[in-house]
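Topology and contacts: notes
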Amino acid sequence: MALTGIEIFKLLPKTNCKECGDPTCLAFAMKLAAGKAELSLCPYVSEEAKAKLSEAAAPPILPVTIGVGERALKVGGETVMFRHEKRFENPPGLALLVSDTMSDAEIDRRLEKFNKLQYERIGLTLRGNLVAVRCDSGDAAKFEAVAGKVKKNTDGGIILMSTNPDILAAGLKVCADRKPLLYAATEENSDKVADLAKGSSCPLAAKASSVEKLAELTAKLTSAGVKDMVIDSGSRTLRQAFEDQLIIRSTALTKKFRPLGFPTIVFPGEMTDDPMKEAVIASIFVAKYGGIIVLSDFQGESLFPLLVERLNIYTDPQRPLATKEGIYEIGSPNENSPVLITSNFSLTYFIVSGEIETSRVPSWLLVKDTEGLSVVTAWAAGKFVADAIAPFVKKCGIADKVKHRKLVIPGAAAAESGGLEEELSGWEIQVGPREGSHIPAYLKTWKP
Ligand code: SF4
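Because the structure is predicted, anything quoted here is derived from the model rather than measured.

Conventions and cut-offs
Residues numbered from 1 in each chain as written. Predicted model: local features only at pLDDT ≥ 70, side-chain atom pairs only at ≥ 80, totals over all residues. Heavy atoms only, no water. Helix = DSSP H or I, 4+ residues; strand = E, 2+ residues; numbered from the N terminus. Buried < 20%, exposed > 50% of the residue type's maximum accessible area, 1.4 Å probe, protein only. Contact = heavy atoms within 4.5 Å. Areas by Shrake-Rupley, 256 points an atom, 1.4 Å probe, with all protein chains shown as cover. Lys, Arg positive; Asp, Glu negative; His and termini not counted. Charge placed at Lys NZ, Arg CZ, Asp CG, Glu CD. Expected span 1.5 Å × (residues − 1). Polar contact = N/O pair within 3.5 Å; in protein donor to acceptor, adjacent residues only side chain to side chain. Salt bridge = Lys/Arg side-chain N within 4 Å of Asp/Glu carboxyl O. Phe/Tyr/Trp six-rings, centres within 6.5 Å; stacked < 30°, edge-to-face > 60°. Lys NZ or Arg CZ within 6 Å of the ring centre and 35° of its normal. Pairing = 2+ DSSP bridges. Axes fitted to C-alpha atoms, helices over the stretch in contact; angles between N-to-C directions.

1. Details of the overall build of the protein
Across its full length, the protein holds 16 helices and 17 strands. For the protein, the spread of C-alpha atoms along the principal axes amounts to about 80 × 65 × 35 Å. Expressed as a percentage of the 448 residues in the protein, the buried residues total 50%. A separation threshold of at least 6 residues defines the contact pool for the protein, and within that pool the share at least 24 residues apart is 65%. Split by element, the accessible area of the protein, about 20500 Å² in all, is 53% carbon and sulfur. Taking the 55 positively charged and 56 negatively charged side chains of the protein as two groups, their mean positions are separated by 2 Å.

Shown next, in the form of structure tokens:
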């Protein structure tokens, strides 16, 4: 059972040193109990207390990692019902289904799509995460061969899907080193599949026919020593599966009910035969509260919106997306190319850089760190004003890249032009357009 705030408080140093960011040990203890702080924030907890507190400090939905290396996928670790309460922690994994009864050509086509369908957006690469290999043939050798092919041709995470422990073991033979998710332990096979998971140190999915039975199954697997689990309540209608997601999340969070405190796995493709409806159902689980979403196929027109939805929901609402401060080259600029400056709010950066690209005028774009604020907000907050911009322009090295000394500032920061000319001796400050969409026309008439 999880500890109460007072029980946790008794194990803390009680010095109220504030290093954890909270004014008192009691306040920190209350946050820990609510799953809204991490124990590692207090540097003074004794090892003995750490051991006792580990359960209380763990998030109510335990994190689980599938795969290894750069493409390892971490899901779970969630602490809130609603994003605005704090933030959602780990985006759900999107998985592409491959069956061992598919033809070689079809499997190749799917793996190629898995590798190819990736998109650059605000400096991030958006793509699917996992390939789910399902045994429909009942043939362990065939399953092993397909699992081997998936491992060889992709670097994403792998889900091995069968309720037959011998077939799962065959799949594991070829890809245990990639730490696949074993799907699934059920009431009938739990002992053998739990042994497989423990023996290979792989995460395990538990599947039951209701939320109640699922809680019994995970309690049994936990007693057997399985720690890393993903859960499937077995529902295959949208309404029931959605209700289950809400029940699982709220029971784990508000009741601190450990048997349901795991990330979930859902199968929108088993709830409809219509690809567009499947995408809509998947989008519901991206928002609430799928941990892994297995899609019957990847189609660009549905995958991309799901990836963008996931990106938007799993950004931290308290921290704007920011681009790194620095000089960005757009279209191979040279010493006579224009120099523009903007803030590091990612959306601003991508609008401005996109408009510069559209102009086809190679340019230097200086991105000033404004803590992720847009130009107007940063200007009002004193973060995009002459005093802040000038030191950055001096130290960023742009003076070594261009022969001219002309700097184009956004129209929204026009009031800074006089101050900047004083601070940046030798530079001519030019006021650019207020609207990003006017940048192409502006640049086409710009002269060094
Ligand atoms: S850092 Fe630790 S000792 Fe200091 S106030 Fe926080 S909980 Fe208490």
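2. Brief notes about helix α11 (residues 300–313)
Between its first and last C-alpha, α11 extends 20 Å over 14 residues, near the 20 Å set by a 1.5 Å rise per residue. Three or more residues of α11 are buried, namely S302, L303, L306, L307, V308, R310, L311 and I313. As for α11, its buried residues are in contact with β3 (93–99), β4 (118–121), β5 (124–127), α10 (275–287) and β12 (292–295).

3. Comments concerning the side chain of N189
Counting through the fold element by element, N189 comes out in the loop between β8 (181–185) and α7 (190–200). Overall, N189 belongs to the buried group, its relative accessible area being 6%. Among the polar contacts made by the side chain of N189, one reaches the main-chain carbonyl oxygen of T163 at a distance of 2.8 Å. At 2.6 Å, the side chain of N189 and the backbone nitrogen of T186 are in polar contact. With near-sequence residues (within four places) excluded, N189 lies in contact with T163, P165 and A184.

4. Quick notes on the pattern of salt bridges
Applying the stated criterion to the full structure yields 27 salt bridges. Among the ionic pairs, R87 bridges to E89, the shortest N-O distance being 3.3 Å. In this structure R87 comes out as partly exposed when scored by relative accessible area, which is 26%. The residue K198 makes a salt bridge to D195 at a minimum N-O spacing of 3.8 Å. With a gap of 3 residues between them, K198 and D195 both fall in helix α7, about one helical turn apart. Residue classification places K198 among the partly exposed positions, given a relative accessible area of 38%. Classification of D195 by relative accessible area gives partly exposed; the value is 49%. Taken together, the shared-partner salt bridges connect E106, R109, R110, K113 and D297 into one network.

5. What to know about the packing of aromatic side chains
According to the stated counting rule, one finds 7 aromatic pairs in the structure shown. Measuring from centroid to centroid gives 5.5 Å for F88 and Y314, while their planes differ by 50°, and the two rings are tilted. Within this pair, whereas F88 is found in the loop between β2 (73–75) and β3, its partner Y314 is found in the loop between α11 and β13 (326–330), the two being separated by 226 residues in sequence. Y314 shares its class with F88; the two are buried. Of the aromatic side chains, those joined through ring pairs into one cluster are F88, Y289 and Y314. Cation over ring: K14 sits above F9, and NZ or CZ is 5.8 Å from the ring centre. The side chain of R249 reaches across the aromatic face of F88, ending 5.7 Å from its centre.

6. Some thoughts on the sheet that holds strand β10 (residues 229–232)
Pairing within the open sheet is parallel, and its 8 strands lie in the order β10-β9-β8-β7-β6-β3-β12-β11. Bordering the open sheet on either side are β10 and β11 (265–266), each of which pairs with just one other strand. Of the strand pairs in this sheet, β8 and strand β9 (residues 204–207) are connected by 3 bridges, and their pairing is parallel. Of the residues in β9, the one forming a bridge with L182 is L204. Each of β8, β9 and β10 touches helix α8 (residues 211–223); the most contacted strand, β9, lies at about 145° to it.

7. Re unusual backbone geometry
With an omega dihedral of 10°, the bond running from Y183 to A184 counts as a cis peptide bond. With respect to the element layout, A184 can be found in strand β8. The step from K288 to Y289 runs through a cis peptide bond, and the omega angle for that step is -25°. Position of Y289 among the secondary structure elements: in the loop between α10 and β12. Look at K18: it is not a glycine, yet its phi comes out positive at around 75°. Among the secondary structure elements, K18 is positioned in the loop between α1 (5–11) and α2 (25–33).

8. Some words on the side chain of D297
Position of D297 relative to the elements: it lies in the loop between β12 and α11. Judged by relative accessible area, D297 falls into the buried class, the value being 16%. In this structure the side chain of D297 is engaged in a polar contact, spanning 3.2 Å, whose partner is the side chain of Q299. Here D297 is in contact with L96, R109, R110, K113 and E278, once residues within four sequence places are set aside.

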